[in-house]
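# Understanding the architecture of this molecule
These are the residues of each chain, in order.
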Amino acid sequence: MERYDDGFAEERQRIERLVEEIIAGEHKIDKLPNSSAGFTGADLENLLNEAAILAAKQSRRYILQADIDQAFVKVGIGAEKKSKVISEKEKKITAYHETGHAILFHELPDVGPVHTISIIPTGMGAAGYTMPLPEKDEMFNTKSKMLETIMVSLGGRIAEEIIFGDVTTGASQDIKQASAIARAMVTQYGMSEKLGMINYGSDDDEVFIGRDLAHTRSYGERVASDIDSEVKRIIDECYAKAKQIILEHEDILHKCSALLIEKEKIGQAEFDRLFTGAEEKSAATE
Ligand code: ZN
């Protein structure tokens, strides 16, 4: 639940009552299933609760799509911390980093498009975020989509390298994600020709069962090293392709980063406009 800083118990009670009313009511929200793909029941409850709080704060008895969108950012990515002081240098690095992700979301066919790019620090400790449009709840993930997701994950670090010739620790989550996907492709989904269609088990299962890893691993050292080299090959190939795409759009990298430094957060329309060349110095639509 949101913490209220006003200290007025009465106001707090009023809002809590409104939230209860809104949640108990029959206010239908068309886009809820889409934005919440992959959410658990508890996440959905949390999302709805956040949206209801936002509505109640404006004394509305119904939830708007805007409440859902804002709540989505909050529960999905953590609350934005506008108050945190960030240096110009950090801001610039974050702007280029996020633009690296965004260009790949835009260019790759099976991921994206970009919904929001922000360099406002979030409550989860991220310096910024790039959020694609919520996707449909699809039953399967394809190999090409997984490869593209790895490429998108690497985009932030690649942009840092291109622009600053140096890298930060800010990409650790991205690297973790890219590695996890590549490893799953090789060990769980039979997507590596070299290793074939064999399930090599996952560390997670073994930890879950609580047995000693070394004793339950169903394959030998040689296979373990083959897995590692396949994971590395996938990451290296994704890295090379992603870097080429970002280099081809270096103009966008600069333009988008400058826009982010100026506005801190941009939406889909503004971002897309950078690609069509129809730049406008306006307050924009979002
Ligand atoms: Zn990143």
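About the cut-offs
- Residues numbered from 1 in each chain as written.
- Predicted model: local features only at pLDDT ≥ 70, side-chain atom pairs only at ≥ 80, totals over all residues.
- Heavy atoms only, no water.
- Pairing = 2+ DSSP bridges.
- Helix = DSSP H or I, 4+ residues; strand = E, 2+ residues; numbered from the N terminus.
- Axes fitted to C-alpha atoms, helices over the stretch in contact; angles between N-to-C directions.
- Contact = heavy atoms within 4.5 Å.
- Buried < 20%, exposed > 50% of the residue type's maximum accessible area, 1.4 Å probe, protein only.
- Donors = N, O, S within 2.8 Å, 3.2 Å for Na, K, Ca; no water.
- Expected span 1.5 Å × (residues − 1).
- Parallel < 35°, antiparallel > 145°, perpendicular 65-115°, else oblique.
- Left-handed = near helix turned anticlockwise from the far one by under 90°.
- Nonpolar A, V, L, I, M, F, W, Y, C, P; charged D, E, K, R; others polar.
- Polar contact = N/O pair within 3.5 Å; in protein donor to acceptor, adjacent residues only side chain to side chain.
- Bend = angle between axes of the 7 residues up to and from the residue.
- Salt bridge = Lys/Arg side-chain N within 4 Å of Asp/Glu carboxyl O.

The 3 strands are arranged β2-β1-β3 in an open sheet whose pairing can be described as antiparallel. Strands at the two margins of the open sheet, each flanked by one partner only, are β2 (129–132) and β3 (265–267). Between one strand and the next, the sheet's axes are offset by a mean angle of 10°, whatever the strand orientation. Where strand β1 (residues 114–118) meets β2, 4 bridges bridge the pair, whose relative direction is antiparallel. Its bridge partner being in β2, Ser118 is matched across the sheet by Tyr129. Strand contacts of helix α5 (residues 88–107): β1 and β2, with the helix running at about 15° to β2, the strand carrying the most contacts.

Most of β1 is tucked away: 4 of the 5 residues are buried. Bridge count between β1 and β3: 3 bridges; the pairing is antiparallel. Within the sheet, the bridge partner assigned to Ile117 lies in β3 and is Ile266.

Looking now at the coordination of the zinc ion. Note on the zinc ion: its protein donors are His97 (NE2), His101 (NE2) and Asp174 (OD). The metal-donor distances range over 2.0 to 2.1 Å. Sequence spacing of the donors to the zinc ion: H-x3-H-x72-D. Of the two residues, His97 is situated in helix α5 and Asp174 in helix α7 (residues 172–187); the sequence distance between them amounts to 77 residues. Assessed through its relative accessible area of 6%, His97 is described here as buried.

What follows is about unusual backbone geometry. Cis geometry is found at the peptide bond from Gly112 to Pro113, where omega equals -5°. Position of Pro113 relative to the elements: it lies in the loop between α5 and β1. Of note in this structure, Glu264 is not a glycine but carries a positive phi near 70°. With respect to the helices and strands, Glu264 occurs in the loop between α11 (250–263) and β3. You can call Glu264 partly exposed: its relative accessible area is 25%.

Moving on: the environment of Ala240. Mapped onto the elements of the fold, Ala240 is located in helix α10 (residues 221–248). For the pair Ala240 and Leu154, spaced 86 residues apart in sequence, the C-alpha to C-alpha distance is 9.9 Å.

Okay, α7 next. Between its terminal C-alpha atoms α7 stretches 22 Å, which fits the 22 Å expected from 16 residues at 1.5 Å a residue. Restricting attention to buried positions, one finds in α7 the residues Asp174, Ala178, Ile181, Ala182, Ala184, Met185, Val186 and Thr187. Summarising the contacts, the buried residues of α7 are in contact with α5, α6 (143–164) and α10.

What follows deals with the packing of α5 against α11. Close contact between α5 and α11 brings their axes to 8 Å; oriented N to C, the two are set at 130°. When the axis of α5 is compared with that of α11, the two are oblique. For α5 against α11, the interelement crossing comes out right-handed. Across from Lys91, Lys92, Ala95, Tyr96, Thr99, Gly100 and Ile103 in α5, the residues of α11 making contact are Ile252, Leu253, His254, Cys256, Ser257, Leu260 and Ile261. Residue composition of the contact of α5 with α11, grouped by class: 8 nonpolar, 4 polar and 2 charged.

For the rest of this paragraph, the subject is the environment of Thr94. Mapped onto the fold, Thr94 is located in helix α5. Taking relative accessible area as the criterion, Thr94 reaches 10% and is therefore assigned buried. A sequence separation of 74 residues divides Thr94 from Thr168, and the C-alpha atoms of the two residues are 9.9 Å apart. When sequence neighbours within four positions are dropped, the list of residues in contact with Thr94 reads Ile119, Ala127 and Gly128. Separated by 2.9 Å, the side chain of Thr94 and the backbone oxygen of Glu90 make a polar contact.

Our next topic: α6. With 22 residues, α6 extends 32 Å from end C-alpha to end C-alpha; this agrees with the ideal 32 Å at 1.5 Å per step. Maximum bend of α6: about 40°, positioned at Gly155. Gly165 occupies a position one or two residues after α6 and carries a positive phi of about 65°.

Turning to the side chain of Ser192, a few remarks are in order. Looking at where Ser192 falls in the secondary structure, it is placed in the loop between α7 and α8 (203–209). Residues within four places of Ser192 in sequence aside, it is in contact with Met185, Val186 and Glu230.

The subject of this paragraph is the pattern of salt bridges. Per the stated rule, a full pass over the model turns up 9 salt bridges. In this structure, the salt-bridge partner of Lys232 is Asp236, at a minimum N-O distance of 2.6 Å. You can see Lys232 and its partner Asp236 sitting in helix α10, 4 residues apart, about one turn around the helix. By relative accessible area, which is 37% here, Asp236 ends up partly exposed. Members of the salt-bridge network, linked through shared partners, are Lys194, Arg222 and Asp226.

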